Amino acid sequence: MLQPASLFIGLRYTLAKKRSRSVSFISGVAMLGIILGVALLITVLSVMNGFDKELRERILAIMPQVSVYYSASSNEWPIIRERIVNQEGISAATPFVELQGMLHESGATQPSIIYGINQKYNSSVSKITSYLNKNTLALLAESNNAIALGAGLAKTLNVKTGDKVTLIIPQLNKQNVRRTPAVKRLNIVDIFTTGTELDHSLSLMGIDGAALLSKSPQDITGLHIRVDNLFEANYIANKLQSTLRQDLLINAYTSDWTRTHGNIYSAIKTSKSLVSLLLFLIIAIAAFNVVSTLMMVVVDKQSDIAILRTLGVSNRQVITIFVIQGTVIGIIGTIIGVGLGVLFALSVESFVAGLESLLGFSFLQSTIYPVNFLPSSLQLNDILLIASASLVMSFFATIYPAIKASQVKPAEALRFDE
């Protein structure tokens, strides 16, 4: 049971202004270490959560979560799409034509993935439409010579909406014999900016216009699928491939986001784990500085401890005094660290954006990183975990010095006290 006397003395030792300079310095270092460790850990985890969120809600909301590749004519795919949508775990599907080509203009050439999209169903599968102008889908559907470019492609090619660009598609016939590349002059009807790596690689056409440039002008490439649970995409893709081959006798194969973007997701998770471990070690080191602080207090206050013991203070009460002192250091450091960490996490995105604007330089390039800005997503679970870990480590760091304080012998301590 916590004694009022133990609490009073423990707080007095912690907060008293007149202390040994060395004890005061080490105590301040221990508290500062906890503050910085907690604040940095909250900030870094928020940034890692931000990258994770942007990957899931931006890139994977635009790109297909599951793709079914097979050759089907315009008369066949609606029936197959209906069967696929009725499968468990699948919420929507849309036909597409996929082309690998080169865009050329003004002496510059850039590789690009060109998706021929369906105006009716595409918005149910991909959020790319939210980055397009309202009439872009209609323009792509109406004209076989229309194309929408990612902002990164447009910048490299030095083109804008209303300009023309040359699309070059390598050609293979159904026997995979190379033919003369298809070359077509296209009108740029829109330039979209997603703020991700897709701006440098993705182009859009109407599905009919893209099909005319493929090796089978009457066919589509397959279906893009949106699933209910993003993390079941691989299971659904494998199951769907088996179903299509066995039940519908379609020679199809499937792919999912874990194969196309899974490396980015794994890298984010691995980086988050490693950085978290390193910063937790910083907090642990700061907590163990509490040991040094309390050991010096024990040495400095031996005569005080001896007097308390002669007045009848028990070993348990002495232990409580020093546990309180160390725990208060941990509590103050944790509270300040959490406050600073939350402040940093909430402002880091706008701070970095302002710094980039001031310096005229972008720290994150979408050609290298998944997004071209520093995202942050503060989560309550992370705050509670970090704060709890900091308090627990600070508490356990007090036990050894507190036990050593309780072992001070009053007679010996007072004999050598000047």
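Residues numbered from 1 in each chain as written. Predicted model: local features only at pLDDT ≥ 70, side-chain atom pairs only at ≥ 80, totals over all residues. Heavy atoms only, no water.

**Comments concerning the overall build of the protein chain**
Thought 1: For the protein chain, the count of helices and strands is 15 helices and nine strands.
Thought 2: Put simply, the protein chain has 418 residues, and 48% of those count as buried.
Thought 3: Sequence-distant contacts, at least 24 apart, represent 80% of the contacts inside the protein chain between residues at least 6 apart.
Thought 4: Entry remark: accessible area of the protein chain is about 21,100 Å², with carbon and sulfur atoms responsible for 59%. (Helix = DSSP H or I, 4+ residues; strand = E, 2+ residues; numbered from the N terminus. Buried < 20%, exposed > 50% of the residue type's maximum accessible area, 1.4 Å probe, protein only. Contact = heavy atoms within 4.5 Å. Areas by Shrake-Rupley, 256 points an atom, 1.4 Å probe, with all protein chains shown as cover.)

**Focus on unusual backbone geometry**
Thought 1: Unusually for a residue other than glycine, Ser-106 sits at a positive phi of about 55°.
Thought 2: Mapped onto the secondary structure, Ser-106 falls in the loop between strand 2 (90-105) and strand 3 (108-117).

**Description of the environment of Lys-239**
Thought 1: Relative to the helices and strands, Lys-239 resides in helix 8 (residues 233-246).
Thought 2: A sequence separation of 152 residues divides Lys-239 from Gln-87, and the C-alpha atoms of the two residues are 9.8 Å apart.

**Observations concerning the nonpolar core**
Thought 1: In terms of nonpolar packing, the biggest core is built from 71 residues, with Tyr-70, Ile-84, Leu-204 and Ile-225 touching the most fellow members.
Thought 2: Discounting residues that sit within four places of it in the chain, Leu-204 has contacts with Tyr-115, Ile-117, Ile-128, Leu-132, Leu-140, Ala-146, Ile-147, Ala-148 and Phe-192.
Thought 3: Judged by nonpolar contacts, the second largest core, of 20 residues, contains Ala-30, Val-38, Ala-286 and Val-291. (Core = buried A, V, L, I, M, F, W, Y, C linked by side-chain atoms within 4.5 Å.)

**Here's the deal with helix 12 (residues 315-359)**
Thought 1: An ideal rise of 1.5 Å per residue puts 66 Å on 45 residues; helix 12 measures up with 61 Å between its terminal C-alpha atoms.
Thought 2: Approximately 50° is the largest bend angle found in helix 12, and it occurs at Ser-347.
Thought 3: Phi turns positive, to about 70°, at Gly-360, one or two residues after helix 12. (Expected span 1.5 Å × (residues − 1). Bend = angle between axes of the 7 residues up to and from the residue.)

**A word on the packing of helix 12 against helix 14 (residues 399-406)**
Thought 1: Packing of helix 12 against helix 14 brings their axes to within 8 Å, and their N-to-C directions diverge by 140°. What the angle tells us is that helix 12 and helix 14 run oblique. Like other packed secondary-structure pairs, helix 12 and helix 14 cross with a definite hand, here right-handed. Counted together, Asn-315, Val-318, Ile-319, Phe-322 and Val-323 of helix 12 and Ala-402, Ile-403, Ala-405 and Ser-406 of helix 14 form the full contact between these two elements. (Axes fitted to C-alpha atoms, helices over the stretch in contact; angles between N-to-C directions. Parallel < 35°, antiparallel > 145°, perpendicular 65-115°, else oblique. Left-handed = near helix turned anticlockwise from the far one by under 90°.)

**A closer look at the side chain of Lys-184**
Thought 1: Topologically, Lys-184 is positioned in strand 6 (residues 178-192).
Thought 2: Buried and without a salt bridge, Lys-184 has Asp-208 as its closest oppositely charged side chain, separated by 11 Å.
Thought 3: For Lys-184, the side chain forms a polar contact with the side chain of Asn-145, separated by 3.1 Å.
Thought 4: Those residues in contact with Lys-184 that lie beyond four places of it in its chain are Asn-144, Asn-145, Val-165, Thr-166, Leu-167 and Leu-213. (Lys, Arg positive; Asp, Glu negative; His and termini not counted. Salt bridge = Lys/Arg side-chain N within 4 Å of Asp/Glu carboxyl O. Polar contact = N/O pair within 3.5 Å; in protein donor to acceptor, adjacent residues only side chain to side chain.)

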